[in-house]
Amino acid sequence: MAEALLQIRGLRAWYGPSQALHGIDLDVVRGEIVTLLGRNGAGKSTLLKSVMGIVPRRSGSIQLDGRELIELPPHRIGQAGVAYCPDDRGIYATLTVRENLLLPPVVAEGGLSEAELTALFPNLAARARSAGTQLSGGEQQMLAIARILRTGARVLLLDEPTEGLAPVIVERIGTLLVELKKRGYTIVLVEQNLHFAAELADRHYLIETGRVVERIDRAALTTDMDRVSTRLGV
Amino acid sequence: MTEIFGLPLSVIAGQTMLGLVNGCFYAVLSLGLALIFGLLRIVNFAHGAFFMAGAFGAWMLMRFLGVGYWWSLLLVPLLVGAVGALFERTLLSRLRGLDPIYGLLLTFGLVLALEGGFRLLFGSSGHPYPVPAALKGTLQLGFMVLPMYRAWVIAAALAACTLSWWLIERTSLGAQLRAATEKDVLTQSFGIDVPRLLTLSYGAGIALAAFTGVLAAPILHVNPSMGSDLVIVVFAIVVIGGMGSIFGSIVTALAIGVIEGWTKVLYSEASSTIIFVLMALVLLLRPRGLFGREGTA
């Protein structure tokens, strides 16, 4: 395997006294899509938040292209080129759609321009002046992804982008992720929808009670779908 | 002469104008208070003390350095705002994530220290501050005589409110402020230095308070307790107006000033309690405040 762009070693995280991650090791190669699979409460979302530095306490090592991130405050991790899309989409009610889109500052060259985003997401341009939360669920999800594509961040952490959305929207998000992979983005995806994950991702990590219990290759998941699916309880 | 409620029109107009001037002080103070509460989740008890420090700053600059009103209007908010930012960075920021009562206690302690300090240095009695030469004299409006300085206070305060509103609602810095107010953690993950925004906003809120202090210096006597007298009313205004809307708190502040002014002539015994009666009514009927938004109160 090529050298990892994002390399996580012995990552532990706590919410108050309760430990949510118990020593996670994980590698993501540049340009890969990797999914985190697991039941509710397994620690997938906590893992993304820990990379971003937005859990109360964490320890271990998180390296981005050889640079240690674990000691940095969240905004420095964002500036280093990691972008996060939360499972609640995190759309601001007090900002217009356009303000939501333009909020994250550009941290590096190579992000999509506003014109490119408008072409990719025509709905957002049409509703630019509405309050962010007046959009439909699908549109809010598009906005949540669109706004982190502008910044030039190359590593995207997406927490359940398809949750609660109609199949036609899920399909559009799938197409979008394939397009992003083509453009060289590196994506870590938390996903409950196993078939969606199987179609898109290069590799999968199965997470249980805050630990990585299995690494599954793309091909292996397709042949082993039933077993994994039982394990996830879906 | 025209009469309303048995009072001559000139008396009503005069009280309306006095009320508007007070309302302007309330408006700029409550704006800063709401900005600070929204972002830092701190009830800034020290707001009145910084207002007083602004008035004293202008008085001290004139007394000891011979600096006039117009330079003070520019310099004092910058200086006092910088002190506020320093206070936030060194002390207040350590209380992030703790129970809001700690912030309240710390800022209340600062009130005692500031008021005590000024009292020790300059005594409790008031120091007069002259009206600048350019704003002496009156405007003859026909139905009433308007002192130039009071007209200037109304114009300057409304300009400060409009500028603040524009900065917060119409600029990208304002979008960052609103974002950090709504979801601070997520906003920081985007690479926005939220702790620095908090320091800046606290400094800006304090600068607004000091600006109001300089505006008030020629009208109120400059004395160590001038802030405490005013800030209680400003807290009531913030409760009545609700935290969600800048525009709402400005309108509420002006309205309260005018209502207070009218009460003084109609039933002066109630003039200091009317605001708190209104506050109690609003809390009973609309706990979020007149203009409050869901989840921001």
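Our subject in this report is the structure included herewith. These numbers were taken from a predicted model, which means no experiment stands behind them. (Residues numbered from 1 in each chain as written. Chains lettered and ligands numbered in written order. Predicted model: local features only at pLDDT ≥ 70, side-chain atom pairs only at ≥ 80, totals over all residues.)

Considerations on the interface of chain A and chain B
For step 1, the next point in the chain: With 19 residues of chain A at the contact, the number on the chain B side is 16 residues.
For step 2, the next point in the chain: Contributing elements (two or more residues each) for the side of chain A that touches chain B: helix 2 (74–79) and helix 3 (97–102) of chain A.
For step 3, the next point in the chain: It is helix 2 of chain A that provides the largest number of residues to the side of chain A that touches chain B, a total of four residues.
For step 4, the next point in the chain: Class assignment for the residues of the side of chain A that touches chain B results in 13 nonpolar, five polar and one charged. (Contact = placed C-beta atoms within 7 Å. Helix = DSSP H or I, 4+ residues; strand = E, 2+ residues; numbered from the N terminus. Nonpolar A, V, L, I, M, F, W, Y, C, P; charged D, E, K, R; others polar.)

Things to note about unusual backbone geometry
For step 1, the next point in the chain: Positive phi values are uncommon outside glycine, yet Glu160 of chain A reaches one of about 45°.
For step 2, the next point in the chain: Relative to the elements of secondary structure, Glu160 of chain A occurs in the loop between strand 7 (155–159) and helix 7 (167–182).
For step 3, the next point in the chain: Judged by the 22 C-beta atoms lying within 10 Å of it, Glu160 of chain A falls in the buried class.
For step 4, the next point in the chain: Backbone geometry places Arg41 of chain B, a non-glycine residue, at a positive phi of 55°. (Buried ≥ 20, exposed ≤ 12 C-beta atoms within 10 Å, placed from the backbone.)

A look at the sheet that holds strand 10 (residues 211–217) of chain A
All names here are of chain A.
For step 1, the next point in the chain: The mixed open sheet is built from six strands, whose spatial order is 6-7-8-3-9-10. In the strand order of this sheet, the two ends are held by strand 6 (82–85) and strand 10, each with one partner. The sheet shows a mean angle of 20° between the axes of neighbouring strands, taken without regard to direction.
For step 2, the next point in the chain: As defined by bridge partners, strand 6 adjoins strand 7 across four bridges and the pair is classed as parallel. Bridge assignment links Val82 to a residue of strand 7, and that residue is Val155. (Pairing = 2+ DSSP bridges. Axes fitted to C-alpha atoms, helices over the stretch in contact; angles between N-to-C directions.)

Describing the packing of helix 3 (residues 69–90) of chain B against helix 8 (residues 194–216) of chain B
Residues and elements named next belong to chain B.
For step 1, the next point in the chain: For the pair helix 3 and helix 8, interaxial distance at closest approach is 7 Å and the crossing angle is 140°. The interaxial crossing formed by helix 3 with helix 8 has right-handed handedness. Judged by residue contacts, Ser72, Leu73, Val76, Pro77, Leu78, Val80, Gly81, Ala82, Gly84, Ala85, Glu88 and Arg89 of helix 3 engage Leu198, Thr199, Tyr202, Gly203, Ala204, Ile206, Ala207, Ala210, Phe211 and Val214 from helix 8. (Left-handed = near helix turned anticlockwise from the far one by under 90°.)

Here's the deal with helix 4 (residues 100–122) of chain B
Residues and elements named next belong to chain B.
For step 1, the next point in the chain: Taking 1.5 Å of rise per residue, 23 residues should cover 33 Å, and helix 4 covers 33 Å from first to last C-alpha, within 8% of that figure.
For step 2, the next point in the chain: Those residues of helix 4 that fall on the buried side of the exposure criterion are Gly103, Thr107, Val111, Leu114, Glu115 and Phe118.
For step 3, the next point in the chain: Turning to helix 4, the residues buried within the fold contact helix 2 (47–65).
For step 4, the next point in the chain: Just downstream of helix 4 lies Gly123, where phi reads positive at about 80°. (Expected span 1.5 Å × (residues − 1).)

A closer look at helix 5 (residues 148–170) of chain B
Residue and element names in this part refer to chain B.
For step 1, the next point in the chain: Taking 1.5 Å per residue as the helical rise, helix 5 with its 23 residues ought to reach 33 Å, and the 32 Å between its terminal C-alpha atoms agrees with that figure.
For step 2, the next point in the chain: Three or more residues of helix 5 are buried, namely Arg150, Val153, Ala157, Ala160, Cys161, Ser164 and Ile168.
For step 3, the next point in the chain: In this structure, the buried residues of helix 5 make contact with helix 1 (9–40), strand 4 (145–147), helix 6 (172–182), helix 8 and helix 10 (246–266).

Quick look at the nonpolar core
For step 1, the next point in the chain: With 150 residues, the main nonpolar core has Leu157 of chain A together with Val28, Ala55 and Ala210 of chain B as its most contacted residues.
For step 2, the next point in the chain: The element contributing the most residues to this core is helix 1 of chain B, with 17 residues.
For step 3, the next point in the chain: Excluding residues within four positions of it along the chain, Val28 of chain B makes contact with Ala157, Ala160, Cys161, Leu208, Phe211 and Thr212 of chain B. (Core = buried A, V, L, I, M, F, W, Y, C linked by C-beta atoms within 7 Å.)

Digging into the environment of Gly103 of chain B
Residue and element names in this part refer to chain B.
For step 1, the next point in the chain: Along the chain, the position of Gly103 falls in helix 4.
For step 2, the next point in the chain: Residue class for Gly103 comes out buried when judged on the 22 C-beta atoms lying within 10 Å of it.
For step 3, the next point in the chain: Here the alpha-carbon distance between Gly103 and Ser93, two residues ten residues apart in the chain, equals 9.3 Å.
For step 4, the next point in the chain: Beyond its immediate chain neighbours, meaning those up to four positions away, Gly103 contacts Ile42, Val43, Leu92 and Leu95.

Re the environment of Tyr129 of chain B
Residue and element names in this part refer to chain B.
For step 1, the next point in the chain: Examined against the element boundaries, Tyr129 turns out to sit in the loop between helix 4 and strand 3 (138–140).
For step 2, the next point in the chain: For Tyr129, a count of 22 C-beta atoms within 10 Å gives the class buried.
For step 3, the next point in the chain: Each C-alpha atom, one on Tyr129 and one on Ser268, is 28 Å from the other, the two residues being 139 residues apart in sequence.

Here we look at the pairing of strand 3 (residues 33–37) of chain A
In the case of a regular strand, side chains alternate between the two sheet surfaces.
Residues and elements named next belong to chain A.
For step 1, the next point in the chain: A large share of strand 3 lies buried, amounting to five of its five residues.
For step 2, the next point in the chain: Residue alternation in strand 3 divides its side chains into two sets, Ile33, Thr35 and Leu37 and Val34 and Leu36, and both sets are buried.
For step 3, the next point in the chain: For strand 3 and strand 8 (residues 186–190), the ladder comprises four bridges, and the chain directions are parallel. Paired with Val34 across the two strands is Val188, which belongs to strand 8.
For step 4, the next point in the chain: The sheet contact formed by strand 3 and strand 9 (residues 203–208) spans four bridges and is parallel. The residue bridging Val34 from the neighbouring strand is Arg203, located in strand 9.

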